[in-house]
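# Secondary and tertiary structure notes
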Amino acid sequence: MSSMQAVLIKDGKGPIENLYIGEADKPTPKADEVLVKIKAFGLNRMDVSQREGRYPPPPGISDILGVEFSGHVVDIGNSVERWTIGDEVFGLAGGGAYAEFIVVPETNVLKKPGHLSWVEAASLPENFLTAYQALILVGEMKEGEDVLVHAGASGVGVAAIQLARLHHAKHVIATASTSDKLNWLRSLPSGATHTANYKTQDFAAEVKKVTEGKGVDVVIDFVGQSHWHKNIDSLAVDGRMTLLAFLSGAEVPSFNLLPILFKRLRIQGSTLRSRSKQYQADLIKKFEENILPHITGSEGAGKVRTYIHKVYPWTEIQEAHREMEANKNSGKIIAEVV
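Residues numbered from 1 in each chain as written. Predicted model: local features only at pLDDT ≥ 70, side-chain atom pairs only at ≥ 80, totals over all residues. Heavy atoms only, no water.

An unreviewed UniProt entry lists the chain under the name Enoyl reductase (ER) domain-containing protein, with Somion occarium as the source organism.

## Focus: the UniProt feature "domain: Enoyl reductase (ER)" (unreviewed entry) in the chain
The condition is simple: UniProt positions are given in the numbering used here, feature names are shortened, and annotations may be inferred rather than shown by experiment. The numbering of helices and of strands both runs from the N terminus, where a helix is a DSSP run of H or I of at least 4 residues and a strand a run of E of at least 2.
Taking the UniProt record as the reference, the feature "domain: Enoyl reductase (ER)" (unreviewed entry) is found at residues 14–335. Along residues 14–335, the helical share is 28% and the strand share 27%, with 20 Å between the first and last C-alpha atoms.

## Comments concerning the pattern of salt bridges
One side chain can pair with another of opposite charge once the charged atoms of both are near each other. Quick reminder of the rule: The salt bridge definition used is simple: a Lys or Arg side-chain nitrogen within 4 Å of an Asp or Glu carboxyl oxygen. Think of it in three bands: residues with accessible area under 20% of the maximum for their type are buried, residues over 50% are exposed, and the middle band is partly exposed, with areas taken using a 1.4 Å probe on protein chains only.
Under the criterion given, the structure shown has 17 salt bridges. In this structure, the salt-bridge partner of E68 is K332, at a minimum N-O distance of 2.5 Å. Within this pair, whereas E68 is found in strand β4 (residues 68–76), its partner K332 is found in strand β17 (residues 332–336), the two being separated by 264 residues in sequence. On the basis of relative accessibility, which here comes to 0%, the residue E68 falls in the buried class. For E288, the salt bridge goes to R82, with nearest N and O atoms at 2.6 Å. In this pair, E288 is assigned in helix α9 (residues 277–290) and R82 in the loop between β4 and β5 (88–92), connecting sequence segments 206 residues apart. Since its relative accessible area comes to 43%, R82 is described here as partly exposed.

## Things to note about the environment of S298
Secondary-structure assignment places S298 in the loop between β14 (295–297) and β15 (304–306). Distance from S298 to L116, taken between C-alpha atoms, is 10.0 Å for residues 182 residues apart in sequence.

## Points about a nonpolar patch on the surface
We count it as follows: Candidate patch residues must exceed 30% relative accessible area and have no salt bridge, after which like charges are joined if within 9 Å and Val, Leu, Ile, Met, Phe, Trp or Tyr side chains if within 5 Å. Accessible areas in this description were obtained via Shrake-Rupley with a 1.4 Å probe; residue shielding takes into account the shown protein chains only.
A cluster of nonpolar residues, L258, L261 and F262, forms a patch on the protein surface that exposes about 340 Å² of accessible area. Among the secondary structure elements, L261 is positioned in helix α8 (residues 258–262). Looking at L261, the relative accessible area reads 59%, which means it is exposed.

## Describing helix α6 (residues 203–210)
Where we set the bar: Working note: the arc is built from the helix axis to C-beta atom directions. By the criterion applied in these results, polar contacts are pairs of N or O atoms within 3.5 Å in which, for protein atoms, one can donate a hydrogen and the other can accept it, and in which residues neighboring in sequence qualify only through two side-chain atoms.
Looking at α6, one finds that the buried residues are F203, A204, E206, V207 and V210. End-on, the buried residues of α6 take up no more than an arc of 160 degrees, which puts them together on one face. Among the residues of α6, the N-terminal cap falls to D202, whose side-chain oxygen and the backbone nitrogen of A204 are separated by 3.0 Å.

## Focus on the sheet that holds strand β9 (residues 171–176)
The condition is simple: Strands were regarded as paired on the criterion that DSSP finds at least two bridges between them. Interaxial angles span 0 to 180 degrees and are taken between N-to-C directions of axes, which are lines fitted to C-alpha atoms, for helices over the stretch in contact.
Within the open sheet, the six strands sit side by side as β10-β9-β8-β11-β12-β13. Their pairing is parallel. Two strands bound the open sheet, and with one partner strand each, they are β10 (194–197) and β13 (266–269). Between one strand axis and the next, the sheet turns by 15 degrees as a mean value, whatever way the strands run. Relative to strand β12 (residues 235–243), strand β11 (residues 216–221) runs parallel, the two sharing five bridges.

## Digging into the packing of aromatic side chains
Note the cut-off: Each Phe, Tyr or Trp ring (for Trp, its six-membered ring) is paired with any other whose centre lies within 6.5 Å, and the angle between the two planes then decides the class: stacked below 30 degrees, edge-to-face above 60, tilted in between. A positively charged side chain is recorded as over a ring if its NZ (Lys) or CZ (Arg) lies within 6 Å of the ring centre. The angle to the ring normal must also be within 35 degrees.
Tallied over the full model, the rule gives three aromatic pairs. The residue whose ring lies beneath K26 is F101, and the NZ or CZ to ring-centre distance is 4.3 Å. Cation over ring: R273 sits above Y55, and NZ or CZ is 5.0 Å from the ring centre.

## Some thoughts on the packing of helix α3 (residues 125–138) against α9
So the rule is basically this: Roughly parallel means an angle under 35 degrees; roughly antiparallel, over 145; roughly perpendicular, 65 to 115; everything else is oblique. Only heavy atoms enter the contact rule, under which two residues are in contact if any of them lie within 4.5 Å. Residues are grouped as follows: Ala, Val, Leu, Ile, Met, Phe, Trp, Tyr, Cys and Pro are nonpolar; Asp, Glu, Lys and Arg are charged; all remaining types, including Gly, are polar.
Following both chains from N to C, one finds α3 and α9 inclined at 90 degrees, their axes separated by 10 Å at the closest point. When the interaxial angle is binned, α3 and α9 end up roughly perpendicular. Contact residues: α3 offers F128, L129, Y132, Q133 and L137, while α9 offers Y279, L283, I284, K286, F287 and N290. Broken down by class, the residue content of the contact of α3 with α9 amounts to eight nonpolar, two polar and one charged.

## Quick look at the environment of V337
As for its placement among the helices and strands, V337 is situated in the segment after β17. Placed 35 residues apart in sequence, V337 and G302 show a C-alpha to C-alpha distance of 27 Å. Each residue touching V337, except ones within four places of it in the same chain, is listed here: I38, K39, F41, A99, E100 and W314.

## Observations regarding the pairing of strand β8 (residues 146–149)
We count it as follows: Note on handedness: a clockwise path from strand one over the helix to strand two, with the strands aimed away from the viewer, defines a right-handed crossover.
Burial along β8 is two-sided: D146 and L148 facing one way and V147 and V149 facing the other are all buried. Following the chain from β8 across helix α4 (residues 155–166) to the adjacent parallel β9, one finds a crossover that is right-handed. Strand direction decides the pairing type here: β8 and β11, joined by three bridges, are parallel. When the bridges of β11 are listed, V149 appears paired with I220.

## Things to note about helix α5 (residues 179–187)
Taken together, the buried positions of α5 are K181, L182 and L185. Looking straight down α5, one finds its buried side chains confined to an arc of 100 degrees; they lie on one side. Counted as exposed and oriented over 90 degrees from the buried face of α5: D180 and S187. On the buried face of α5, the contacting elements are α4, β9 and β10.

Okay, structure coming up:
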């Protein structure tokens, strides 16, 4: 097997300083897989967790970081029919995107629209598929409903806000930690209709004010412990909450179960990386048919747009991780393989 360059982790896990570019085995596609030469890849919070040893990849998946990418197909397995060498694609992986080459099932890549750059295409898979799954498939958001999105300025948060607007939510309330982020979220063409600073405001009280006491029908939460009580208070009767992560911790010391019963709440966790190949293929197909046609870059005219916070050459991967860990981004951080 020949070699390639990839972002590796000294000692297998550790701080930002343990990231470096070194040699790894170049993968070979199986019968139903494609080999893609990567142009750009997206950064996600899970990458930090994996780097620190808290989120190992699923069994059989590359331990190289990265779950989304864009690039050219350079080899295909003998049963692949949809793709040919030279196709421009972007896609979702269980791992391995911080590298020159990646192999994924043929169902996990999509044709790169001509109006999207390599950077823009690489920013889509994890964010938009996660948001689509959490809001529409799990949260079952319907036209005219009210939605609360936490971590609003994150990649998934921005995607969820726009998808809620695309599906004709009545109110889309977003939380973030700074006035700059909140102002930015309200300024987007399909941005939040209302915002709350979770550090200085009681977002549950703001939700009640916006919805005239009803509460929201859907909550998308990444935060967990610190937001739990206010999330329950924010939900309307028959409300649904999708839990995606636990940035503030996963243990709530004590809480009253009565509102879950009396308001008939539905609370569900949702993951994407560990889902089966068939589940991911079905999700990607739905996204390709229902959402992708509406997406443009930030300067486009799409009903949904992808917003890039900053682009780094992958040789500056440590700086890119510092930017993400400092929670400075409004939109997506991308690395280009140069």
